[in-house]
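# Coordinate analysis (summary)
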Amino acid sequence: MLKHEEMIENVHRRIAQYEEEKKMKNSKLKKLFSANNNKTEAQKTNENEYTEVVSGTENISSSSNTLRIVSSLAAAAVLVTGIGATGFLLHKNKANKSALPEEEVIYTESTESDNIVDSGAVSPFVDFRQEYFNLWLLTETEYSDDYSDETYDKLAVFLNNFNWGEGTDIEEKDIPDFHNFEGNDNARTYGISWQKGDIWYYVYVTEYGKAYYTAEKCQPDGNNYYYPIIESSVYDIDYEAFDKGVQDIWNSNVPDTSQYLSKREQKYLTKGEFQNGMVERCKEYNSDEVISEGGKSFKALQGFLRDDFVGMLQHPVNDISYDGNDKLYNVACYYKTSDTTTRRLTYYIGSNGSVSLCEYELTESNNIPTGYTNYYIDINEFETVLNDIASGKYDDKYSFEEKTTTTTVTTSATTTVTTTVTTTEQAPPPEETDEPAPEKTEEEKEKELLDTAYKSIIGNYLYYNTMNNDGFEHMTDEGRIDFKNVINYMVYEAEHLSVERELGEIIDEQDAIEKARNVLLNEKGQEYMDWLEKEPHHDPEVEYYRERPAIIADYYDEFDIWVVRPTAPSWKRTDGQGPYIVALSEGASTKLFIRGHDGKILGCLLHY
């Protein structure tokens, strides 16, 4: 495995190669514009131009379908080292910045940008008021998005109301290579981007009065991700009007200095239709759900994750570690982004309040990485909310009822816009009914207990086949049976034992081991027991001893369950050298779940 420093060096080397390719291809851009505008037929021979002109048309190989993630190694290094900025650089998600240096920006109480009137128009690309977007300068090498929510709203209104004109479809070869663009020192070239599912959208506004629109659909290829253009068009625009409008808004911006995330940043984290979420507390080898599925408290957890969780996030702080070694919670949220894609955001929360976010877009066949960012959260405040939810304090606060509401928004001193939108609002709790729920059978209660204990104790092992999932086929004496989940299968095995299921009260660990040994002997035979309990191997020069006992029993008081399992015979050398292992995986899945007070075998895996 590469060392940390080597991974960083490889990422930087690849980015350096990427930048060098940009320099080689940049000279194409201006020539393409001049060829389109002047229709000259002069043959260019300068080796530095990298262009050809044939009958007034330039032939340029576009690199719009560039490889965004350089390689799986680079992507992995970004995630391991937490270089969020590098990850976004490779994805071209550039943020906004005024063209003026910070010290030259003069903030005034009133500018022309304050007079922007929202006519209710929508751009030909997307409704920017409803979509999270980025607006940046391709000529900038450093990016900042510390502008206020008010500035962001003004930009959305401006982009919607700008006169884009009618678009004309164009072929990919006629689109300048904006992904490898370094810029013109004498003019500003703008980029606008947004994402829906596995499609990235771009609008590039150029000084030549052209705005190029492209849609690029991600196509994974192993650990690499390509973005070929699937739709493209060009618009004739008034560049001076666009440039002035954006600059007026940027120059009137008062930067957002709050430690908490702005509404714009929260909008990014919650884009899409919330589906569900979960919170797990991390243990040494697995994790447990803080609030299990089912019941009003679980619904309250969903409401908290949908409405309030991102509001607790703050910008990262410098005096804490983000290495992930003290991970305390996992928070996963899922959002529907299209008919075929779902967005998954996983927040890894440390005991020091560090939050590392990994973003993926899930398709039917691939998981597409889309970002990695660090945040901070008040861990005490977060845990207080979780405890309040678990105690039922918020059971009646959250619901998932959708309501259509009419909202009146004043966008300027003279303009009022009335917008009808569908929002998710709190609804009154359902009325309690006096009709009692049907009484569960003893078998149903035992199966629920086994399911809860299995998920808590075993963790991820066969977790995808627990009671809430389908698909667990296994060959039995009666033929192949689809048990739907591992719990049903474990109960089936327990019901078909050759011994009585109730072994009598378990007194202590040794009693559990002896009773389980008798079950193993009857079910798996003497030959199996001889193999399981054989003495340590010796050779003429080195002595060995057994590293673990043949059968281990652990008691879980919260469930009153003993989990008894055999261990594969392995021996360790007394001289401290490597162990001599007979069977590393033989019988690894063999387990018995035995209830303590009566010794009933609730379920077992003896023949799996």
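Here the focus is the overall build of the protein chain. A tally of regular secondary structure across the protein chain gives twelve helices and 28 strands. Counting all 608 residues of the protein chain, 46% fall into the buried class. A separation of at least 24 residues holds for 64% of the contacts in the protein chain among residues at least 6 apart in sequence. Entry remark: accessible area of the protein chain is about 31,800 Å², with carbon and sulfur atoms responsible for 45%.

Glancing now at the packing of aromatic side chains. Aromatic ring pairs are described here by two measures, namely the spacing of the ring centres and the angle between the planes. A full pass over the atoms with the stated rule returns 28 aromatic pairs. Judged by centre distance (5.3 Å) and plane angle (80°), the rings of Phe-162 and Phe-242 are edge-to-face. Placement of Phe-162 in the loop between α4 (149–161) and β5 (167–169) and of Phe-242 in helix α5 (residues 239–251) is noted, with a sequence separation of 80 residues between them. Classification of Phe-242 by relative accessible area gives buried; the value is 0%. Three or more aromatic residues joined by ring pairs form one cluster here, namely Phe-125, Phe-158, Phe-162, Trp-164, Tyr-190, Tyr-213, Tyr-235, Phe-242 and Trp-250. We note Arg-343 situated over the ring of Tyr-268; from NZ or CZ to the ring centre the distance is 4.8 Å. The ring of Tyr-528 has Lys-524 sitting right over it, with the charged end atom 4.9 Å from the ring centre.

Moving on, we come to the environment of Tyr-347. Within the secondary structure layout, Tyr-347 lies in strand β15 (residues 342–350). Along the backbone, Tyr-347 and Tyr-329 are 18 residues apart, and their C-alpha atoms lie at a distance of 8.1 Å. Every residue in contact with Tyr-347, bar those within four places of it in the chain, is listed here: Leu-269, Phe-309, Val-310, Leu-313, Tyr-329, Asn-330, Val-331, Val-355, Ser-356 and Leu-357.

For the rest of this paragraph, the subject is the nonpolar core. If you look at the biggest cluster of nonpolar residues, it comprises 67 residues, and the most contacted ones within it are Trp-164, Phe-309 and Phe-382. Leave out the neighbours within four places in its chain, and Trp-164 touches Ser-123, Pro-124, Phe-125, Leu-159, Ile-192, Val-203, Val-205, Ala-211, Tyr-235, Asp-236, Ile-237 and Phe-242. Residues Ala-494, Leu-497, Leu-520 and Ile-594 belong to the second largest nonpolar core, which totals 23 residues.

Across the sheet, which stays open at both edges, the six strands sit in the order β4-β6-β7-β8-β11-β5 with antiparallel pairing between neighbours. Here the strands that pair on one side only, and so sit at the sheet edges, are β4 (134–137) and β5. Adjacent strand axes in the sheet meet at a mean angle of 20°, parallel and antiparallel pairs treated alike. Relative to strand β11 (residues 229–236), β5 runs antiparallel, the two sharing three bridges. Within β11, the residue paired with Thr-168 across the bridge is Val-234. Lying over the sheet, α5 contacts β4, β6 (190–196) and β7 (199–205), oriented at roughly 75° with respect to β6.

Attention now goes to the sheet that holds strand β13 (residues 287–289). Ordered by their spatial adjacency, six strands build an open sheet running β13-β12-β14-β15-β16-β17, and the pairing between neighbours is antiparallel. Either end of the sheet is taken by a strand with one partner, and the two such strands are β13 and β17 (367–376). Here the strands of the sheet are splayed against their neighbours by 20° on average, with no regard to which way each runs. Taken together, the three bridges between strand β12 (residues 273–282) and β13 define a ladder with antiparallel strand orientation. Bridge pairing in β13 places Cys-282 opposite Ser-287. In the packing of helix α8 (residues 379–390) onto the sheet, contacts are made with β12, β14 (327–336) and β15, and the angle to β14 comes to roughly 65°.

What follows deals with the pairing of β11. Across seven bridges, strand β8 (residues 210–217) lies against β11 in antiparallel orientation. Following the sheet pairing, Tyr-212 is matched in β11 by Val-234.

Time to look at helix α9 (residues 442–458). When the terminal C-alpha atoms of α9 are compared, their 23 Å separation across 17 residues agrees well with the 24 Å that a helix rising 1.5 Å per residue should span. Taken together, the buried positions of α9 are Glu-446, Leu-450, Asp-451, Ala-453, Tyr-454, Lys-455, Ser-456, Ile-457 and Ile-458. Residues of α9 that are buried sit in contact with β13, α10 (486–495), β23 (551–556), β24 (561–566), β27 (591–595) and β28 (601–605).

Here we take up helix α11 (residues 509–524). Taking 1.5 Å of rise per residue, the 16 residues of α11 would be expected to cover 22 Å, and the 22 Å separating its terminal C-alpha atoms lies within 8% of that figure. Where α11 is buried, its residues touch α12 (526–532), β23, β24, β27 and β28. N-cap assignment for α11: the residue whose side-chain oxygen lies 3.3 Å from the backbone N of Gln-510 is Asp-508. Positive phi shows up at Gly-525, right after α11, with a value of about 95°.

Enumeration over the complete set of coordinates arrives at 21 salt bridges. A single salt-bridge network, built from bridges that share partners, covers Glu-446, Arg-595, Asp-598 and Lys-600.

What follows deals with the confidence of the model for the protein chain. Do not read the fine detail of predicted coordinates wherever pLDDT is low. In this model, the protein chain carries a mean pLDDT of 75, and residues with pLDDT of at least 70 account for 67%. Every residue in residues 1–110 is under pLDDT 50, and counting partners more than four places away or in other chains gives 201 contacts. Overall, residues 463–470 carries pLDDT values under 50, and its contacts beyond four positions in sequence, including any with other chains, amount to 25 contacts.

This paragraph deals with a negative patch on the surface. Negative charge collects at one region of the surface, where Glu-442, Glu-443, Glu-444 and Glu-495 lie side by side. For Glu-443, the position within the fold is in helix α9. Relative accessible area serves as the criterion here: at 55%, Glu-443 is assigned to the exposed category.

So, about the packing of helix α7 (residues 296–307) against α8. Running from N to C, α7 and α8 cross one another at 145°; their axes reach a closest spacing of 8 Å. Here Ser-297, Ala-300, Leu-301 and Phe-304 of α7 come into contact with α8, specifically with Phe-382, Val-385, Leu-386, Ile-389 and Ala-390. Taken together, the residues that form the contact of α7 with α8 break down as eight nonpolar, one polar and no charged.

For any two helices packed against each other, one specifies the inter-axial angle together with the distance between the axes. Following both chains from N to C, one finds α4 and α5 inclined at 165°, their axes separated by 9 Å at the closest point. Considered as vectors, α4 and α5 are oriented roughly antiparallel to each other. Once α4 is placed against α5, the crossing between them reads as right-handed. Where α4 abuts α5, its residues Thr-151, Lys-154, Leu-155, Phe-158 and Leu-159 lie against Ala-241, Phe-242, Gly-245, Val-246, Ile-249 and Trp-250. Within the contact of α4 with α5, the residues separate by chemical class into eight nonpolar, two polar and one charged.

Calculation criteria
Residues numbered from 1 in each chain as written. Predicted model: local features only at pLDDT ≥ 70, side-chain atom pairs only at ≥ 80, totals over all residues. Heavy atoms only, no water. Helix = DSSP H or I, 4+ residues; strand = E, 2+ residues; numbered from the N terminus. Buried < 20%, exposed > 50% of the residue type's maximum accessible area, 1.4 Å probe, protein only. Contact = heavy atoms within 4.5 Å. Areas by Shrake-Rupley, 256 points an atom, 1.4 Å probe, with all protein chains shown as cover. Phe/Tyr/Trp six-rings, centres within 6.5 Å; stacked < 30°, edge-to-face > 60°. Lys NZ or Arg CZ within 6 Å of the ring centre and 35° of its normal. Core = buried A, V, L, I, M, F, W, Y, C linked by side-chain atoms within 4.5 Å. Pairing = 2+ DSSP bridges. Axes fitted to C-alpha atoms, helices over the stretch in contact; angles between N-to-C directions. Expected span 1.5 Å × (residues − 1). Polar contact = N/O pair within 3.5 Å; in protein donor to acceptor, adjacent residues only side chain to side chain. Salt bridge = Lys/Arg side-chain N within 4 Å of Asp/Glu carboxyl O. pLDDT = per-residue confidence, 0-100. Patch = residues over 30% accessible without salt bridge, like charges linked within 9 Å, V, L, I, M, F, W, Y side chains within 5 Å. Lys, Arg positive; Asp, Glu negative; His and termini not counted. Charge placed at Lys NZ, Arg CZ, Asp CG, Glu CD. Nonpolar A, V, L, I, M, F, W, Y, C, P; charged D, E, K, R; others polar. Parallel < 35°, antiparallel > 145°, perpendicular 65-115°, else oblique. Left-handed = near helix turned anticlockwise from the far one by under 90°.

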